[in-house]
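A look at the structure
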Amino acid sequence: HHHSSSNDRDSSFSIEPPVEENSSHRWAASALAGGFSGALTWAAIYPFDVIKTRIQTSPLDTPIEKRRITYIYRTIVNEQGAQFFFRGLGVT
């Protein structure tokens, strides 16, 4: 004979799971999802940040065609390889 009481922890008889366990799992899942989302966003933006920095640090007399995103992108890939765009991403 099984009866349900207020301190019964059997999930088949409880109406809802204990709040303190559930909310901490929800918070952790949300924090993890936020972290992954931020990391993916930064990984997508990072190469453009590298190009922007290259443009900003180029000498003032650099011709406009050599300050274009496509030109700088090709130059970096040819000289350093595509991994150059993610060089500092691990520490960021």
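One can find the structure itself at the top, above this paragraph.
Residues numbered from 1 in each chain as written. Predicted model: local features only at pLDDT ≥ 70, side-chain atom pairs only at ≥ 80, totals over all residues. Heavy atoms only, no water.

**Quick word on the environment of Phe86**
- Inspection of the secondary structure assignment puts Phe86 in the segment after helix H2 (69-79).
- Relative accessible area serves as the criterion here: at 39%, Phe86 is assigned to the partly exposed category.
- Sequence separation of Phe86 and Val50 is 36 residues, and the distance between their C-alpha atoms is 8.5 Å.
- Residues in contact with Phe86, not counting those within four places in the same chain, are Ala43, Tyr46 and Pro47. (Helix = DSSP H or I, 4+ residues; strand = E, 2+ residues; numbered from the N terminus. Buried < 20%, exposed > 50% of the residue type's maximum accessible area, 1.4 Å probe, protein only. Contact = heavy atoms within 4.5 Å.)

**Focus: the pattern of salt bridges**
- Applying the stated criterion across every chain yields a total of one salt bridge.
- A salt bridge links Lys52 to Asp49; its shortest N-O distance comes to 3.4 Å. A residue pair is termed a helical-turn pair when its members lie 3 or 4 positions apart in one helix, as Lys52 and Asp49 do in helix H1 (residues 19-56) at three residues.
- What makes Lys52 partly exposed here is its relative accessible area of 40%.
- Residue Asp49 is classed as partly exposed on the basis of its relative accessible area of 26%. (Salt bridge = Lys/Arg side-chain N within 4 Å of Asp/Glu carboxyl O.)

**Focus: the nonpolar core**
- Tyr46, Val50, Ile51, Ile72, Ile76, Phe84 and Phe85 form the largest nonpolar core, which has seven residues in total.
- Sorting the residues of this core by element identifies H1 and H2 as the ones contributing at least two each.
- The leading source of residues in this core is H1, at three residues.
- With near-sequence residues (within four places) excluded, Ile51 lies in contact with Ile69, Ile72, Tyr73 and Phe85. (Core = buried A, V, L, I, M, F, W, Y, C linked by side-chain atoms within 4.5 Å.)

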